[in-house]
Structures are given as structure tokens and as C-alpha cells.
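These are the residues of each chain, in order.
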Amino acid sequence: MRASKFHLLTTREVPADAEIASHQLMLRAGMIRKLTAGIYTWTPLGWRVLRKVENIVREEMDRAGYLELLMPAVQPAELWRETGRWEDFGGQLLKIRDRAGRDYVFGPTHEEVITDLARNELRSYKQLPITFYQIQTKFRDEIRPRFGVMRAREFLMKDAYSFHIDSASLETTYWEMYEVYSRIFTRAGLSFRAVRADSGAIGGNASHEFHVLADSGEDQIAFSTGSDFAANLELAEAPMPSTPRPAATEQLRLVDTPAAHTIEELVTQFDVPVEKTIKTLIVAAAPGNDSPFVALLVRGDHSLNEFKAVKLGCVARPLRFATEDEIRAAIGAGPGSLGPVNLPVPCVADHSVCIMADFAGGANVENKHYFGINWDRDAALPACADLRNVIEGDDSPDGKGKISLARGIEVGHIFQLGTKYSKALNAVVLGEDGKSHVMPMGCYGIGVSRIVAAAIEQNHDDQGICWPEPLAPFQVAVLPMNARKSHRVREVAEKLYADLLAAGVEVFLDDRDIRPGVMFNDMELIGIPHRVVIGERGIDSGELEYRYRTDAENTTIPLATAAETIIGRLAPR
RNA sequence: CGGGGCGUAGCGCAGCCUGGUAGCGCACCACAAUGGGGUUGUGGGGGUCGGGAGUUCGAAUCUCCCCGCCCCGACCA
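Per-chain numbering applies: the sequence of each chain, read as written, is numbered from 1 onward. As they are written, the chains are lettered A onward and the ligands numbered 1 onward, keeping that order. Whole-chain, interface and lining totals are the exception, using all residues; otherwise, since this is a predicted model, local features are given only for residues with pLDDT of at least 70 and side-chain atom pairs are given and counted only at 80 or more. Hydrogens and waters are ignored; side-chain quantities use all the structure's heavy atoms.

1. So, the overall build of chain A
Secondary structure is summarised from DSSP: a helix means a run of H or I of at least four residues, a strand means a run of E of at least two, and numbering begins at the N terminus for each. The helix and strand tally for chain A stands at 16 helices and 30 strands. For the C-alpha atoms alone, the extent of chain A along its principal axes is close to 95 × 70 × 50 Å. We call a residue buried when its accessible area falls under 20% of the maximum for its residue type, exposed when it is over 50%, and partly exposed in between, using a 1.4 Å probe and counting protein chains only. The buried share of chain A, reckoned over its 573 residues, is 51%. Whether two residues are in contact is decided by their heavy atoms: any pair within 4.5 Å suffices. In chain A, once contacts between residues fewer than 6 apart in sequence are set aside, the share between residues at least 24 apart is 68%.

2. Topic: the pattern of salt bridges
Oppositely charged side chains can form a pair if their charged atoms are brought close together. We define a salt bridge as a side-chain nitrogen of Lys or Arg found within 4 Å of a carboxyl oxygen belonging to Asp or Glu. In total, this model carries 43 salt bridges according to the counting rule given. The partner of Lys138 in a salt bridge is Asp159, and the shortest N-O contact between them spans 3.0 Å. Here Lys138, found in strand E7 (residues 130-139), pairs with Asp159, found in strand E8 (residues 154-163); they are 21 residues apart in sequence, far enough to count as distant. The pair Lys138 / Asp159 is uniform in exposure class, with both members buried. One salt bridge in this structure joins Asp301 and Arg299, with 2.9 Å as the shortest N-O distance. A single network of salt bridges, built from pairs that share partners, joins Glu59, Glu60, Arg63, Arg183 and Arg187.

3. Focus on the packing of aromatic side chains
For this analysis, a ring pair means two rings from Phe, Tyr or Trp (six-membered ring only for Trp) whose centres lie within 6.5 Å, classed as stacked if their planes differ by under 30 degrees, edge-to-face if by over 60, and tilted for the remaining angles. Counted according to the given criterion, the structure contains 16 aromatic pairs. Plain terms: the ring middles of Phe6 and Phe508 are 5.9 Å apart, the flat faces sit at 85° to each other, and that makes the pair edge-to-face. Of this pair, Phe6 sits in the segment before helix H1 (21-28) while Phe508 is found in strand E27 (residues 507-509), placing the two residues 502 residues apart along the sequence. The same class applies to Phe6 and to Phe508, which are both buried. Put simply, the rings of Tyr174, Trp175, Tyr178, Tyr181, Phe185, Phe192 and Phe210 pair up and form one aromatic cluster. The side chain of Arg81 reaches across the aromatic face of Trp86, ending 4.7 Å from its centre. For a ring to carry a charge above it, either NZ of a lysine or CZ of an arginine must fall within 6 Å of the ring centroid while also lying within 35 degrees of the normal to the ring plane. If you follow Arg193 out to its NZ or CZ, it ends over the ring of Phe223, 4.1 Å from the centre.

4. Some words on the state of the cysteines
For the purposes of this analysis, a disulfide is any pair of cysteine sulfur atoms at a distance within 2.5 Å. The tally for this structure, following the rule as stated, stands at one disulfide. Residue pairing for Cys354: its cysteine sulfur links by disulfide to Cys384, the two sulfurs lying 1.7 Å apart. Between Cys354 and Cys384 the disulfide shows an S-S torsion of about -115°. By sign, it is left-handed. Taken together, the positions of Cys354 in helix H10 (residues 351-354) and Cys384 in strand E19 (residues 383-385) put the pair 30 residues apart, joining distant regions of the chain. The exposure class assigned to Cys354 is buried, which follows from its relative accessible area of 8%.

5. Focus: the sheet that holds strand E18 (residues 368-374)
We treat two strands as partners when DSSP finds at least two bridges between them. Within the open sheet, the three strands sit side by side as E13-E18-E17. Their pairing is antiparallel. In the strand order of this sheet, the two ends are held by strand E13 (253-256) and strand E17 (357-362), each with one partner. Neighbour to neighbour, the strand axes of the sheet diverge by 20° on average, direction disregarded. The pairing of E13 with E18 spans four bridges and is classified as antiparallel. Residue pairing for E18: Asp256 is matched across the bridge by Lys368. Only the contacting stretch of a helix is used when fitting its axis, a line to C-alpha atoms as for every element, and angles between N-to-C directions run 0 to 180 degrees. Packing of helix H7 (residues 263-270) onto the sheet brings it into contact with E13, E17 and E18, and relative to E18 it is tilted by some 80°.

6. Topic: the packing of helix H13 (residues 487-502) against helix H16 (residues 562-569)
Relative orientation of the contacting elements H13 and H16 amounts to 45°, with a least axis distance of 9 Å. Between H13 and H16, the angle is such that the two are oblique. Read as a crossing pair, H13 and H16 show a hand that is right-handed. In this structure, H13 contributes Leu496, Asp499 and Leu500 to the contact, and H16 contributes Ala562, Ala563, Ile566 and Ile567. A class-by-class count of the residues in the contact of H13 with H16 yields six nonpolar, no polar and one charged. An angle below 35 degrees is read as roughly parallel, one above 145 as roughly antiparallel, one from 65 to 115 as roughly perpendicular, and any other as oblique. Helix crossings get a hand from a simple test, with the near helix turned counterclockwise from the far one by less than a right angle marking a left-handed crossing and a clockwise turn marking a right-handed one. When residues are grouped by polarity, Ala, Val, Leu, Ile, Met, Phe, Trp, Tyr, Cys and Pro land in nonpolar, Asp, Glu, Lys and Arg in charged, and all others, Gly among them, in polar.

7. Considerations on the protein's contact with RNA strand B
Near RNA strand B you find 47 residues, and of these Lys279, Phe321, Gly336, Arg484 and Glu545 are the closest. Throughout, near means a residue has at least one heavy atom within 4 Å of the molecule or strand. Taking the atoms of RNA strand B that fall within 4 Å of the protein, sugar and phosphate contribute 42% of them. Contact between RNA strand B and Thr280: a base nitrogen at 3.3 Å from a main-chain N or O atom of the residue. At 3.4 Å, a backbone N or O of Ser337 approaches a sugar or linking oxygen of RNA strand B. Counting of polar contacts relies on pairs of N or O atoms within 3.5 Å, with two restrictions inside protein: one atom must be capable of donating a hydrogen and the other of accepting it, and residues adjacent in sequence are counted only when both atoms are side-chain atoms.

8. Observations regarding the sheet that holds strand E16 (residues 347-350)
Pairing is mixed across the open sheet formed by four strands, whose spatial order is E14-E15-E16-E19. The two strands at the open ends of the sheet, each matched to only one other strand, are strand E14 (278-284) and E19. Each neighbouring strand pair of the sheet contributes to a mean axis angle of 30°, computed without reference to strand direction. As paired elements, E14 and strand E15 (residues 293-299) share seven bridges and run antiparallel to each other. Bridge assignment links Thr280 to a residue of E15, and that residue is Leu297.

9. Some thoughts on helix H2 (residues 44-63)
Multiplying 1.5 Å by the residue count of a helix minus one yields the expected span of that helix. Across its 20 residues, H2 extends 28 Å between first and last C-alpha, which sits within 8% of the 28 Å expected from 1.5 Å per residue. At the exit of H2 stands Gly65, carrying a positive phi of roughly 90°.

10. Focus on the nonpolar core
The criterion is simple. A nonpolar core is a set of buried Ala, Val, Leu, Ile, Met, Phe, Trp, Tyr and Cys residues joined through side-chain atoms within 4.5 Å. Judged by nonpolar contacts, the single largest core of 69 residues is most densely connected at Met26, Met31, Met61, Phe185, Val452 and Trp467. Looking at which element gives the most residues to this core, the answer is helix H6 (residues 167-187), with eight residues. If sequence neighbours within four positions are ignored, Phe185 has contacts with Leu190, Phe192, Phe210, Val411, Gly412, Ile446 and Ile451. Trp80, Leu93, Met441 and Cys443 belong to the second-largest nonpolar core, a separate cluster that totals 26 residues.

Here it is in C-alpha cells:
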């Protein structure tokens, strides 16, 4: 490609609303342009990258024997009513109506459509297992789209669905898909981790998320430094305390604490170790409980894990914190003075709280705290459960190594669905036993457009994007210096360009009549991995300058064998 | 959805308080110089000031309504 025939849209300035590196760089490099909130045009440059990702995904899915198809983006409401998701899916579901007044959705996902296909087309266990996939534009009406294509409303997704005669077959395909996903992200040159994830209300089956590691990631993941344990923070179990509760050594003391309404204030004003304080959180109880509220206790330096709290059963789903008025009415003291002693509300404590002794907490009297609290003596030991988020340095739940926390960008999710959709839509086949079987299903997604942004988050510097070679829009940039005045430079550049093209290399020849500095900056911004500079000086000495995008310095390659030398340095495809 | 903020040239912004000829930088076009890290000079093109209504002799500026966009959003006791 010649720069003069391409459409480069690089800019020096960044639109004010771009917050993270990938969003800024995609705009500055001219890969995307916003049409409206959460909806983007992919420019020729951005599209080349998106297609690279798409092709890697497609090749690996095909290699695994999965069958590509293409389903409609617009789907009849009727199907969604059959599975109940017309109501249940929530505000992210974009509903549309045609001229006859019939309702449709713009597909945010395709379980309904694929299951409808399966119930019409699959008859026998002999046709199973089978896995279909598509790469297609989805629409989810996000409450708050942000970060460019990272959390867009319209986005490109690969979604796959597998059908099985039994759950053992589903499990086999699931783990196969796990390996396929790992290959895809490895091929794309990304640093990633598969983590155990929430399998949701659908059932206790396995689910894994694939996260690209990046500090700007929206998800927190916990992993072990000593094993391959990795889980979404909301799911990571805190280790059971291994030490017994120490004996009480202090007397219970009621202290005036008018200026201490947070753990931090308590710790600094009264010189008490934060591990000897507890937080008392009042949340709404599940319907049918004796009390309208439940108190949850976690250590002062820990935070409540809402996901675990809701799993208790006695807590309302979704989790709702009591308002200050509700707390005063139920307990007689406001937030900031709450604690387990004389607490008129049922109570559940985190495991780490249950082994505390001589600790501090609110007195349930305004502006007072108790110090030297001990279970049994001062308050009944409450029910104990895992309620907190794991923290850096916790023992790994599998007993091997310590927990470390990192941020990740979710780019893939694999899921053993079970029969939720096949049952609702009556997708059955005859088994070997001559009986009808509801097919267990798996579903497997990859955020294709999000991978582009995630790759940039992971691979950029002050100058711009540093593409992993398999994703780069072009592999090689050929930059002639002052070509207008030097026919030798022009000739060498044109020859190298032609040779590389002939060898099937994606090469970008910057034949614009611009200053070298502008050229260098543009090429670094858009992140082309290999760069060759052609100038009079080099031609005289029989050498060309070469630089890999992440190299600090130029090196030289012989002019006579330039094309072969560069080709030898390209990453294998 | 609730709270806050912003809409002025393709992008980034000033002007608004205190009403009176719509500006700056980048980008774009032309010419010239320059020619290895966003060079320089001269000249130019480009605006329903988000939309509508109102107040006024006069509205980007004041008032009201609408639209769009951005940010934040339990609690961390």
C-alpha cells in the first residue's frame, strides 16, 4: 500500500473524551471514528487490524472443526418471549418495531436463534456433538458506553454454540474450546489468563473468562503465585483461617468516639491496629426472614464481596444496603457507630472475624465504640461464612502459593449452559436408547473488536501503538528520505516495495512529500512493526536503516539483500 | 435512571459573567524556502455559535423548553 493511495487520518490532538490509552491511540492513529455514543466506524486502517483478529479466530475455530454460519442480527420477539428473555434480559436489549407493529430485537447474543435452528435441524444423537459459530455485529444498549470500542454498544463478536447428547460430551467440548481459546490469544500475541468465573443463576457448571492483563482493565482477577489457580475476584474464595481464636486478654470498654465514624478515623485516633477493628454492614434481608435487615461483619481492612453475601440466602438479591434512616430506625444508632455488641439484627460474620479477640467496633450507641470486644463473653459468636474479597498476600485457596491481584480486560468467556435454552425451546434429539433427549448446550464468546483495544492497552509506548506482529495493519514500513529530490532514493524504495509486495508482505510505502519527522511519528503512532529508512547516505554505503518498533536504536541491513533480510525477520504467519 | 458538566470551523479551545462586525492553535488549500524526528514564511477557504421559542432596537452571550454528548453513581460504618 502506498501512503498516497491510502487514507491516513492521524492527528496530533486527542478528542477530549478519550480517557484510556487505547481509545486515544485508536482515535489519533485514525483507526476508528465515533458516529454516536458507543457506535463507531472502523476506518480502512482500523478495519485491517480488526480483520487480523477475526481471521485468527476464524482459522482456529475452523481448525478445531467448528462450523461457521451467519445468523440474522434482527430477531423476532417471539423467540425471546419463548425463553423469557424478552422481559428478563433487561435494558441492554434493543427492541425495535417494524411497520406492521411487530416486535424485534437487535441481537445482543444468539442462543435463541441457534437453538431454534438446532430444534429444526437436529434429529439424532448421531449428528452430535456439533458446534456452530459466527462472527457478527452485536448490539447491547449499555447504560454507559465508554473507552471507545472497549465498551461499545455495537461491537464485533465471535459467538459459538455446541449441542450434545449428554453433559459428558458437553464437558469434552468445553475443555477443547478452552484450548482453542488459549491458542487464539497466544497467536494474537497477547498476555492473558483464563480465570474461573461466575456460572450465574443458570447452574453450577463450569465457566471461564479469558482476560488480557492490563492495568486499565475493568475486572479484578485473583491468581496464585504458586499454582495455576486463577479466578474472578468476585468468585475467589478466601482461605479458612488456620489459627484458633486467641483467648480474651482485655476488658470490654465503652469509649466516646465522637469524631470516629470510619475505620480509618478509628484507627488513627485511637491507635488501634486495623486488623483489630470490624465493619458492620446493614443490608436488606431476603423476603420471608424474621428481620427486615441482616448485619454483615468483616474485618476493618477487608471489603465485602457482594456476590458471596447474596449467596448466603438470608440476604436480599440483589444486594441492597440499608439507608441511614432505616439503620437508625432498626438499631438506634447511625452508620459509623455500629457493632456486634447488643445488635438487635441477625448477624453473619466473615471467617476472619470469627477468630478475632480483643477487637473494636461500634457500640450501637451514637458516637460510642466498644474496645476489647470478645466473642461469647460480650456477644454471641455469629454464623460464620466467606464474605470478603481476597486480598494480596492471602493464601491461595488450593493451598499452593499466595494470592496476587491483577486487572484484566475480559475478551473471552466460555460457558457450559446446560439445557436452559434447549428446554425452553424444546430442542431434542433421539438418543441411542430411542428416547427423546434435551440437548445440553455450551456457549462461547470472544469480543473481537474489544481485542483490538485490549491489544493496544497491553502494547503501546509514548510514541504510539506497538502492534504484536500478527495484529499489525502492515508488517513493514518503507520510508524514503527526501525522495522528491533524489531519484536514487526513489528507485531503491520502489524496488524494495515491489520486492516485498511480490513476496506477499504487507508493506506500506510512505511516498508522501512530507518531512521525515512527520513520517516517523505517523509510522510509530500507527505501530507498524518493521521500519526501513532509505536515504542517500545509506545508499552510498550500501546499507539501509532498519528498526523494529520496540527497538531503541537503528541497525543496518545490506542494501543488496534488503528484501530477503526483512522477510527473514518477519514473524511466521 | 439519579446527580454534575459540556455543546462556538474537521480536532483542541477562547469569547458568554457585563448583549453591539465570531476569534486563536492544529488540520486543510496555494505559493515559496527548507529537507533525517510533527520546519518556516506569505496568502487563503471553511461557522444555521446543538435545535426551537421568548426578552430586546439588537442574542453565541439573558430566559424557558427540547436534543445530543461526557463524567460520576450502593457502601467501604
